[in-house]
There are 2 protein chains.
Amino acid sequence: MKKIMECVPNYSEGRNRDTVLAIAACFQNKENVRLLDFSSDEDHNRSVFTVIGEPEDLKNAVIESCKVALEKIDLRVHEGQHPRMGAIDVIPFIPIRNCDIEDAKNIANELGRYLGEQLNQPVYLYEKSASSPLRENLANVRRGEFEGLKQKMQDPDWKPDFGPLSPNESGGATAVGARMPLVAFNVNLNTADLSIAKEIAKKVRHSNGGFRYIKAMGVELHERNIVQVSMNVTDYTKTSIYRVFETIKMEAKRYGVAVVGSELIGLAPVMALADAAEYYLQIENFNVDQLLEMRILEGEE
Amino acid sequence: MKKIMECVPNYSEGRNRDTVLAIAACFQNKENVRLLDFSSDEDHNRSVFTVIGEPEDLKNAVIESCKVALEKIDLRVHEGQHPRMGAIDVIPFIPIRNCDIEDAKNIANELGRYLGEQLNQPVYLYEKSASSPLRENLANVRRGEFEGLKQKMQDPDWKPDFGPLSPNESGGATAVGARMPLVAFNVNLNTADLSIAKEIAKKVRHSNGGFRYIKAMGVELHERNIVQVSMNVTDYTKTSIYRVFETIKMEAKRYGVAVVGSELIGLAPVMALADAAEYYLQIENFNVDQLLEMRILEGEE
């Protein structure tokens, strides 16, 4: 695959195995599309898929899965702990390789238009695709959930970006958007004093004057009797992991505290780490295509 | 592909385009085999291919290419600047992913046996596959070249590991072996004094008491008026790039000199760099499968 886009669609079905497998089938044995992972949660009554592919092929597979979801999932009888407003609840597109956030926005737009115009499903564009600041945050878009959707959509602020002006009877509405890959990165401190982790979290996070693409909080690691600055890096291409790491080290010194380790949670793009190696090793003119495995991916048909 | 082995076979033909393309064809449109790169040099009269694949499929493709080379290349009429002793001159196997040097040695042995027993081509195992220390170094194995081979093979020290006890009439003999991926990594110093780069090179290289898997020399970068410690890391899994980098920084201080940058030349495995990020960011329990693109490769059929 030359271009790699990721999509992590969320469907409001985590109990009916047939439905989940029918959705999964939309991503299997498709050219230039690969299902990396999926998981269903019975309490949430929700399934999350991680799919990657060439943007156009990926979009077509997601459309197919939306048809299945709209046909098989009826939100009027749906119960679960997770907030939701649609049978296909939220569809983020994430640029991974040889494509950027603009490409992801284009695909999100095309998919949103298809859902609205062809499948009669109202669509709100969110995150980087949002048509107004109010719609950037998914929690805002979804507030009121399926049950409150009919009333919410009568508010001119909540006219959908695509599709009918009232909810799909059984399918509700869907949030579609582009975002950067999230990197979950935590830094451990050799103190049991939670207030120190909380203070440092404030200093590095955007909401309190820190880095633009850092969300952070302080947490206790009880079993190790230490504390941690727990972070989401929402755009590692602009706020580098090494920069926030070095800043945390610097701030910790102020309290006589040292960094004893860090954790990378879940998946991260190669460049999120290669970027750190490039900085610390002072590599000039580094190109990610110098990494052998990236060349193998590049050669993919 | 689950397992990825690399092979970089060298053929003694760099001028006849038909022959080179016939060799290339052995690696194209093959399941689980991918030709990443190839280049021919007319002066050397030699072509080098970079191929990766599942070990067994890769071996079969290489065998096919050897048949083509033995049929089409006649060393009795071969001229070129590069030392050579065989129509297929040297075949290294290099473990890249989910396989190790033992797997590479096994494949090298199997290929060597096939060349010797089925294709009547004498084979010397070299590098990590060498049956004696004398055969580890390719230059030793190849010394005397095609023209001296008949006499050399009469020496009991140079009985081949596989195949006939005298050269293949038109094909000579072939060196086959396993080695680790080479990483070419250079570190630039803010001085024009070559003797400093040479001193530091001595301190880090194996031959003078340095790291086991470092070859190093000092060179001048004339256009920038600085010097460089130029290195080959012959096993980055045992001698980490960050370790030699930090050692060079430390040694440079002794001369009041600073590291101003570094270069990664050609291709390197992702882990060679991720290893450095893991060290500097102090990441606990890092696993290369946490890198999204590695998961995509993993999912390859």
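Structure's up top.
Let me begin by describing the structure that accompanies this report.

A separate point is the overall build of chain A. Within chain A, the secondary structure is distributed over 9 helices and 11 strands. Radius of gyration (C-alpha) of chain A: 21 Å, near the 19 Å computed for a compact globule of 301 residues. When the backbone C-alpha atoms are referred to their principal axes, chain A occupies close to 60 × 45 × 35 Å. The burial tally for chain A puts 56% of its 301 residues in the buried class. Here the contacts in chain A between residues at least 6 apart in sequence split such that 73% fall between residues at least 24 apart. When the accessible surface of chain A is split by element, carbon and sulfur atoms take 44% of a total near 13,100 Å².

On to the relation of the copies chain A and chain B, then. Superposing chain A onto chain B requires a rotation of 180° together with a translation of 0.0 Å along the rotation axis, leaving an RMSD of 0.0 Å. Both copies are brought into coincidence by an operation consistent with a two-fold rotation axis. Distance from the rotation axis, computed per C-alpha, reaches its smallest value in chain A at A:Ala277: 2.4 Å. Most of the interface of chain A is mirrored in chain B: 100% of its interface residues are interface residues there too.

So, on to the interface of chain A and chain B. Opposite the 48 residues of chain A that make contact, chain B presents 48 residues. When chain A packs against chain B, close to 4,300 Å² is buried across both sides, 64% of that on carbon and sulfur atoms. Counting the surface chain A buries against chain B, the share from its top three residues, A:Leu281, A:Leu292 and A:Glu293, is 16%. Where chain A packs against chain B, one counts 2 salt bridges. Residues A:Arg224 and B:Glu284 are paired through a salt bridge, measuring 2.9 Å at the closest nitrogen-oxygen approach. The interface formed by chain A and chain B contains 24 residue pairs in polar contact (both at pLDDT 80 or more). Listed by contribution, the elements that provide at least two residues to the side of chain A that touches chain B are β1 (4-7), β3 (33-41), β8 (183-189), α7 (241-253), β11 (259-265), α8 (270-280) and α9 (292-298) of chain A.

Below, the discussion takes up the packing of aromatic side chains. Within the structure shown, the criterion is met by 17 aromatic pairs over all chains. Ring plane angle 75° and centroid distance 4.9 Å describe the contact between A:Tyr279 and A:Tyr280, whose orientation is recorded as edge-to-face. Through successive ring pairs, a cluster of aromatic residues spans A:Tyr242, A:Tyr279, A:Tyr280, B:Tyr242, B:Tyr279 and B:Tyr280. Above the ring of A:Tyr213, the side-chain terminus of A:Arg212 is found at 4.7 Å from the ring centroid. Just above the ring of B:Tyr255 sits the side chain of B:Arg254; from NZ or CZ to the centre is 5.1 Å.

Residues other than glycine seldom take positive phi values, yet A:Asn32 does so here, at roughly 65°. Its place among the elements puts A:Asn32 in the loop between α1 (17-25) and β3. Positive phi values are uncommon outside glycine, yet B:Asn285 reaches one of about 55°. Relative to the elements of secondary structure, B:Asn285 occurs in the loop between α8 (270-280) and α9 (292-298). For B:Asn285, a relative accessible area of 75% translates into the label exposed.

The next thing to look at is α8(B). Residue and element names in this part refer to chain B. Burial within α8 is extensive, with 8 of its 11 residues counted as buried. Within α8, the full set of buried residues consists of Val-270, Ala-272, Leu-273, Ala-274, Asp-275, Ala-276, Ala-277 and Tyr-280. Downstream of α8 by a residue or two, Gln-282 has a phi angle that is positive, lying close to 55°.

Let's shift gears to the sheet that holds β11(A). Residues and elements named next belong to chain A. Overall, antiparallel pairing links the 4 strands, which are arranged β9-β10-β8-β11 in an open sheet. With one partner strand each, in any of the chains shown, β9 (214-221) and β11 form the two edges of the open sheet. Geometrically, the sheet is characterised by an average inter-axis angle of 20° between neighbouring strands, direction not taken into account. With 7 bridges connecting them, β8 and strand β10 (residues 226-233) associate as antiparallel partners. What sits directly across from Phe-185, in β10, is Met-231. Strand contacts of helix α6 (residues 194-204): β8, β9 and β10, with the helix running at about 175° to β9, the strand carrying the most contacts. In this fold α7 packs onto β8, β9, β10 and β11, with an angle of close to 20° to the strand it touches most, β8.

This next bit is on the state of the cysteines. By definition, a disulfide is the covalent link that joins the sulfur atoms of two cysteine residues. Under the definition given, this model contains 0 disulfides over all chains. You can see A:Cys99 has no disulfide; the closest cysteine sulfur is in A:Cys7, sitting 12 Å from it. The thiol of B:Cys26 is unpaired, and the distance to the nearest cysteine sulfur, on B:Cys66, comes to 8.8 Å. Residue classification places B:Cys26 among the buried residues on the basis of a relative accessible area of 2%.

The subject of this paragraph is the sheet that holds strand β8 (residues 183-189) of chain B. Residue and element names in this part refer to chain B. Read across the open sheet, the 4 strands follow the order β9-β10-β8-β11; overall the sheet is antiparallel. In this open sheet, the two strands that pair with only one neighbour each are β9 (214-221) and β11 (259-265). Taken over all neighbouring pairs, the strand axes of this sheet differ in orientation by 20° on average, direction set aside. Where β8 and β11 come together, 6 bridges link them in antiparallel fashion. What sits directly across from Leu-189, in β11, is Val-259. Docked against the sheet, helix α7 (residues 241-253) engages β8, β9, β10 (226-233) and β11, running at close to 20° with respect to β8.

All right, on to the packing of helix α2 (residues 55-72) of chain B against helix α3 (residues 101-118) of chain B then. All names here are of chain B. Two numbers describe how α2 lies on α3: the axes approach to 10 Å, and their chain directions differ by 30°. With respect to α3, the element α2 is oriented roughly parallel. For the pair α2 and α3, the sense of crossing is right-handed. Counted together, Pro-55, Glu-56, Lys-59, Val-62, Ile-63, Cys-66 and Lys-67 of α2 and Ile-107, Glu-110, Leu-111, Tyr-114 and Leu-115 of α3 form the full contact between these two elements. Its residues assigned to classes, the contact of α2 with α3 comprises 8 nonpolar, no polar and 4 charged.

Formed by 98 residues in total, the largest nonpolar core has its most connected members in A:Phe185, A:Leu189, A:Leu281, B:Phe185 and B:Leu189. Setting aside residues up to four positions removed in sequence, A:Leu281 forms contacts with B:Phe185, B:Ile241, B:Tyr242, B:Phe245, B:Ser262, B:Leu273, B:Ala276 and B:Tyr280.

Turning our eyes to something else, we now look at the pairing of strand β1 (residues 4-7) of chain B. Note on strand geometry: in a regular strand, side chains alternate between the two faces of the sheet. Residue and element names in this part refer to chain B. Side-chain alternation along β1 places Ile-4 and Glu-6 on one buried face and Met-5 and Cys-7 on a second face that is also buried. Relative to strand β5 (residues 88-97), β1 runs antiparallel, the two being bridged by 4 bridges. Within β5, the position partnered with Cys-7 by the bridge is Phe-93. In this structure, β1 lies alongside strand β4 (residues 46-53), joined through 3 bridges in antiparallel fashion. Each residue of the ladder has a partner; that of Cys-7, found in β4, is Val-51.

Rules and cut-offs
- Residues numbered from 1 in each chain as written.
- Chains lettered and ligands numbered in written order.
- Predicted model: local features only at pLDDT ≥ 70, side-chain atom pairs only at ≥ 80, totals over all residues.
- Heavy atoms only, no water.
- Helix = DSSP H or I, 4+ residues; strand = E, 2+ residues; numbered from the N terminus.
- Rg over C-alpha atoms; globule rule 2.2 N^0.38 Å.
- Buried < 20%, exposed > 50% of the residue type's maximum accessible area, 1.4 Å probe, protein only.
- Contact = heavy atoms within 4.5 Å.
- Areas by Shrake-Rupley, 256 points an atom, 1.4 Å probe, with all protein chains shown as cover.
- Least-squares fit on C-alpha atoms with pLDDT ≥ 70 in both.
- Buried area = accessible area lost by both parts, 1.4 Å probe.
- Salt bridge = Lys/Arg side-chain N within 4 Å of Asp/Glu carboxyl O.
- Polar contact = N/O pair within 3.5 Å; in protein donor to acceptor, adjacent residues only side chain to side chain.
- Phe/Tyr/Trp six-rings, centres within 6.5 Å; stacked < 30°, edge-to-face > 60°.
- Lys NZ or Arg CZ within 6 Å of the ring centre and 35° of its normal.
- Pairing = 2+ DSSP bridges.
- Axes fitted to C-alpha atoms, helices over the stretch in contact; angles between N-to-C directions.
- Disulfide = S-S within 2.5 Å.
- Parallel < 35°, antiparallel > 145°, perpendicular 65-115°, else oblique.
- Left-handed = near helix turned anticlockwise from the far one by under 90°.
- Nonpolar A, V, L, I, M, F, W, Y, C, P; charged D, E, K, R; others polar.
- Core = buried A, V, L, I, M, F, W, Y, C linked by side-chain atoms within 4.5 Å.

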